[in-house]
Amino acid sequence: MTVLKGTGPATASAVLSAYDASIPFLSDEAMLAALGSKEYTVKAVQQLTVALRSKAQQLSTGGGRQWSSRDVERCLWGAALGGGAGAGGSKKAGPAEPLEWHFSQVFGERSPGEEVQEADIISAVEFDYSGDFLATGDQGGRVVLFERIAAARSRAGHPDVRPDSPLHTNPYEFRYLTEFQSHEPEFDYLKSLEIEEKINKVRWVRGRCGGKTHMLLTTNDKTVKLWKVYEKKVASLAEFNLQNGSSLLNAGGRPGSAGSGPFSPDKLRAAANAAAAAPNSLRIPRVVGSETLLATRCKRAYANAHTYHINSIALSSDCETFISADDLRVNLWHLDRQDQAFNIVDIKPQNMEDLTEVITCADFHPQHCHLFAYSSSKGLIRLADMRQAALCDQHAKLFEDAEPAGPRSFFSEIISSINDIRFSPCGRYILSRDYMTLKLWDLNMDAGPVQTYSVHESLRGKLCDLYESDCIFDKFDAAMSGDGRYFATGTYSNFFRVTGTDGSSDNLLEASRDPTRKRLASSGKLPSRFGLSRGGSGRGSRSGSFSVGEEALAADFSSKLLHLSWHPHANVIATAASNSLYLFYGSGGR
């Protein structure tokens, strides 16, 4: 059948499976479960058939139900898509066990009273798919990379970044690797608009390189860039012909530099005349050693495709394409083509006065490269399928919370705007973060969220103050553990909240060397945009009705934990508190 035009091994297996139950369909889920990899070849069909027939015979023994290869493939497909007890498809039943959180490391810790430069504030945090590398971006356009090291080696050095207490050992410790300048400030002369160098998002690219070579996607407001980080050997040379064989050239001197010095034009001319007079005295420089350095190179720059500010980027599961989203459009790019982008979502109306919502975030499905989701300022999440149409203005599914938490007020529409969305590792669930809550959505249930988790309910009475100081427009990231059993998101006073899927495990932690430190209740004075000060006992205050930890959130609205990332295989969280990167690990719950 594969000799027919447009018919590959996967399509042929689907047709044959409908005719003969002993031949399984070449699905991605079955290949990953039985073969460990995806390969769309005739050989892969044969290997999958042999493996599933063997499993079907094993299941059929004992006189019970008679299994076929097709039955086994369907079960593998359903198990992969249906998941288990947790949002990540974990097969563990029961509630998520509480985690005990410990401080692990801090990079860039500031001393009390130290002034922080705006360019040093971290604006993006992301673990790679293996969990062995961590990337951060800052408002100065820089990207800093960290790599995981063994616990024994890390305790031998770097005393400033290890835990104060040796009571808890942590195998997930990181060290500084390298950094590079990703974006520079620019100016749009047509629109008379300054383009900041701030890094909005960082995403690791997998499947395009191996060994010690890594690739990342970084973006500011207008341009997405693909960076390659690789090892480069640099040779050290000696025995030059100038200055009695010294290696000044290798030390940074440049022939032909103006003025006086060892390589001035006069001295070079004199050296050339001397070499012409005595050619036997010329020596050939030799390599005396080499060292391996990390180098970075911008492979591609995806520019000139967004009129509005880019708020998110996401890589597809096939690692060939990615999407970038701004306020009104979502564009699809191929990693190898920087000169062409396809507009797949466009919500811009004919008359901008009719605009009622904007796009706030977009994410690709972790398993199917044709599915993606994007959220809006109305609190809606739309699931789009690129197989339906080239322009995905008509969504495949719409997720809306018909009964949002809390009473309706002037601020209801503002706080319902979704800041961030993340697919669960199994792809069945979507985790969303709005201003007040985390929500978990099931792709099979679009009537409403399956769970809603309050983040800082104690601030509901201070929404007026938050609005006047523009804090109500802060955008907090959401993170999910690799097994889908725990969620994390940030809040104010450098606190972040970690909760289990069933809500039974809830921890309010501080980004400091003592994450569980108890703070005294504070009145939480908040400066308004007019320079006035409002006390915590003002309009709508609910002082005294929440725990000490909840009341501590209002102590400092200028210290906000917006960005964090969860390790893909362990209970390790990286959080960005201003210019400091804190790492914490959780024990138990596994």
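- If you look the chain up in an unreviewed UniProt entry, it shows as Serine/threonine-protein phosphatase 2A 55 kDa regulatory subunit B from Micractinium conductrix.
- Looking at the chain in UniProt, the text filed under Function (unreviewed entry) is "The B regulatory subunit may modulate substrate selectivity and catalytic activity, and may also direct the localization of the catalytic enzyme to a particular subcellular compartment."
- According to its UniProt record, the chain has this under Sequence similarities (unreviewed entry): "Belongs to the phosphatase 2A regulatory subunit B family."

### Notes on the overall build of the chain
In step 1: Broken down by element type, the chain carries 9 helices and 32 strands.
In step 2: Across the 590 residues of the chain, 46% fall into the buried class.
In step 3: When contacts within the chain are restricted to residue pairs at least 6 apart in sequence, those whose partners lie at least 24 apart make up 58%.
In step 4: Total accessible area on the chain is roughly 29000 Å²; 51% of this is exposed by carbon and sulfur atoms.

### Let's talk about empty space enclosed by the protein
In step 1: One pass over the full model with this rule turns up 3 cavities of 30 Å³ or more.
In step 2: A volume near 50 Å³ is recorded for the largest cavity.
In step 3: Along its surface, the largest cavity is lined by Ser 123, Ala 124, Val 125, Glu 126, Asn 200, Lys 201, Val 202, Arg 203, Arg 422, Asp 477 and His 563.
In step 4: Within the residue set of the lining of the largest cavity, elements represented by two or more residues are β2 (122-127) and β8 (201-205).
In step 5: Here the lining of the largest cavity takes 4 residues from β2, the largest share from any one element.

### Points about the confidence of the model for the chain
In step 1: Averaged over every residue, the pLDDT of the chain is 82; the share at 70 or more is 81%.
In step 2: Per-residue pLDDT, averaged within each element of the chain, yields its smallest value for strand β29 (residues 533-534) (38) and its largest for strand β13 (residues 321-325) (97).
In step 3: In the predicted structure, residues 154-167 sits below a pLDDT of 50 and forms 20 contacts with residues beyond four places in sequence or in another chain.
In step 4: With pLDDT under 50 throughout, residues 519-546 is counted as low confidence; its partners more than four residues away or in other chains account for 54 contacts.

### Structural notes on the sheet that holds strand β21 (residues 429-433)
In step 1: As summarised here, the arrangement of the 4 strands in space is β20-β21-β22-β23, forming an open sheet in which the pairing is antiparallel. Each edge of the open sheet is held by one strand with a lone partner, namely β20 (420-423) and β23 (451-454). In this sheet, neighbouring strand axes are inclined to one another by 15° on average, regardless of whether the strands run parallel or antiparallel.
In step 2: With 4 bridges connecting them, strand β22 (residues 437-442) and β23 associate as antiparallel partners. Bridge pairing links Leu 438 to Tyr 453 in β23.

### Examining the nonpolar core
Proteins that are soluble and globular tend to have nonpolar side chains buried together.
In step 1: Ranked by size, the top nonpolar core spans 18 residues in total, and within it Trp 101, Phe 496, Val 498, Trp 566, Ile 573, Tyr 582 and Phe 584 carry the most contacts.
In step 2: Those elements giving two or more residues to this core turn out to be β1 (100-107), β25 (486-490), β26 (495-500), β30 (563-566), β31 (572-577) and β32 (580-587).
In step 3: Looking at this core element by element, the count peaks at 3 residues for β1.
In step 4: Counting residues in hydrophobic clusters, the runner-up holds 16 residues, among them Val 144, Tyr 172, Ala 574 and Tyr 585.

### Quick look at unusual backbone geometry
In step 1: At Asn 304, a residue that is not glycine, the phi angle is positive and equals roughly 65°.
In step 2: Taking relative accessible area as the criterion, Asn 304 reaches 82% and is therefore assigned exposed.
In step 3: A positive phi angle, near 60°, is found at Cys 319, a position not held by glycine.
In step 4: According to the relative accessible area criterion, Cys 319 is buried, its value standing at 10%.

### A word on the packing of aromatic side chains
In step 1: Within this structure, the stated rule accounts for 27 aromatic pairs.
In step 2: Their ring planes at 45° and their centres at 4.6 Å tell us that Phe 107 and Phe 146 sit as a pair that is tilted. With Phe 107 in strand β1 and Phe 146 in strand β4 (residues 142-149), this pair connects stretches of sequence that are 39 residues apart. For the pair shown, Phe 107 and Phe 146 are each scored as buried.
In step 3: Measuring from centroid to centroid gives 6.2 Å for Phe 372 and Tyr 374, while their planes differ by 25°, and the two rings are stacked. The same class applies to Phe 372 and to Tyr 374, which are both buried.

### Points about the side chain of Asp 477
In step 1: Note that Asp 477 resides in the loop between α8 (463-468) and β24 (478-480).
In step 2: Asp 477 gets classed as buried once you look at its relative accessible area, which sits at 7%.
In step 3: A distance of 3.2 Å separates polar atoms of two side chains, one belonging to Asp 477 and the other to His 563.
In step 4: Once residues lying within four places of it in the same chain are set aside, the contact partners of Asp 477 are Lys 201, Asp 420, Ala 488, Thr 489, Gly 490, Leu 562, His 563 and Leu 564.

### Overview of the sheet that holds strand β14 (residues 329-334)
In step 1: The sheet built from 4 strands is open, its strands ordered β12-β13-β14-β15 with antiparallel pairing. Among the strands making up the open sheet, the edge pair consists of β12 (312-315) and β15 (337-346). Across the sheet, the mean angle from the axis of one strand to that of its neighbour is 25°, orientation sign disregarded.
In step 2: Sheet topology places β13 next to β14; 5 bridges connect them, and they run antiparallel. The partner of Thr 321 across the bridge, within β14, is His 334.

### Some words on the pattern of salt bridges
In step 1: Evaluation of the coordinates by the stated rule reveals 22 salt bridges.
In step 2: Across the pair Glu 109 and Arg 513 runs a salt bridge whose closest N-O atoms are separated by 3.0 Å. Placement of the pair is Glu 109 in the loop between β1 and β2 and Arg 513 in the loop between β27 (506-510) and β28 (526-527), with a sequence separation of 404 residues.
In step 3: Note that Asp 336 is salt-bridged to Arg 300, the shortest N-O span being 3.8 Å. You can see Asp 336 sitting in the loop between β14 and β15 and its partner Arg 300 sitting in strand β11 (residues 286-302), a full 36 residues away along the chain.
In step 4: What makes Asp 336 partly exposed here is its relative accessible area of 37%.
In step 5: Several salt bridges converge on common partners, so that one network encompasses Glu 126, Arg 203, Asp 420 and Arg 422.

### Re the pairing of β12
In step 1: Side chains Ser 312 and Ala 314 of β12 all project onto a buried face; the interleaved residues Ile 313 and Leu 315 project onto the opposite face, where all are buried too.
In step 2: Summarising the sheet, β12 and β13 pair through 4 bridges and their orientation is antiparallel. Following the sheet pairing, Ser 312 is matched in β13 by Ala 325.

### Some words on helix α3 (residues 42-60)
In step 1: For α3, which comprises 19 residues, the first-to-last C-alpha distance of 27 Å matches the rise-based estimate of 27 Å (1.5 Å per residue) to within 8%.
In step 2: The complete set of buried residues in α3 reads Ala 44, Val 45, Leu 48, Thr 49, Leu 52, Ala 56 and Ser 60. Here the buried residues of α3 occupy an arc of 130° about the axis, which is enough to place them on one side. Of the exposed residues in α3, those oriented more than 90 degrees away from the buried face are Lys 43, Gln 46, Val 50, Gln 57 and Gln 58.

About the criteria used
Per-chain numbering applies: the sequence of each chain, read as written, is numbered from 1 onward. Per-residue local features are limited, in this predicted model, to residues with pLDDT of at least 70; the limit for side-chain atom pairs, both in listing and counting, is 80 or more; totals at the level of whole chains, interfaces and linings are taken over all residues. Only hydrogens and water are set aside when side-chain values are computed; all heavy atoms of the structure are taken into account. UniProt positions are given in the numbering used here, feature names are shortened, and annotations may be inferred rather than shown by experiment. Runs of E in the DSSP output that reach at least two residues are strands. Runs of H or I that reach at least four are helices, and both are numbered from the N terminus. Note on classification: 1.4 Å probe, protein chains only; a residue is buried when its accessible area is under 20% of the maximum for its type, exposed when over 50%, partly exposed between these limits. Contacts between residues were defined by any pair of non-hydrogen atoms, one from each residue, lying within 4.5 Å. Reported accessibility uses the Shrake-Rupley method at a 1.4 Å probe radius. Residues are deemed covered only where the shown protein chains occlude them. Here the term cavity refers to a set of points on a 1 Å grid, laid over the protein atoms alone, in which a 1.4 Å probe fits but cannot get out; the term pocket refers to an open set having protein on both sides within 12 Å along at least five of seven lines, with lining residues being those that place an atom within 4 Å of a point. Grid points are joined across faces, edges and corners, and a volume is the space filled by probe spheres set on the points. The quantity called pLDDT is the predictor's confidence in a given residue, expressed from 0 to 100. Paired strands, in this sense, are two strands between which DSSP finds at least two bridges. Geometry is summarised by axes, namely lines fitted to C-alpha atoms with helices restricted to the contacting stretch, and by angles between N-to-C directions that run from 0 to 180 degrees. The set of buried Ala, Val, Leu, Ile, Met, Phe, Trp, Tyr and Cys residues whose side-chain atoms join them within 4.5 Å is what this entry labels a nonpolar core. Note on aromatic contacts: the rings of Phe and Tyr and the six-membered ring of Trp form a pair at centre separations within 6.5 Å, being stacked when their planes are under 30 degrees apart, edge-to-face when over 60 apart, and tilted otherwise. Here a polar contact means two N or O atoms within 3.5 Å. Within protein one must be a hydrogen donor candidate and the other an acceptor candidate, and residues neighboring in sequence count only if both atoms are side-chain atoms. Any carboxyl oxygen of Asp or Glu within 4 Å of a side-chain nitrogen of Lys or Arg constitutes a salt bridge here. Given a helix with a known number of residues, its expected span is that number minus one, times 1.5 Å. What the arc measures is the spread of directions leading from the helix axis to the C-beta atoms.

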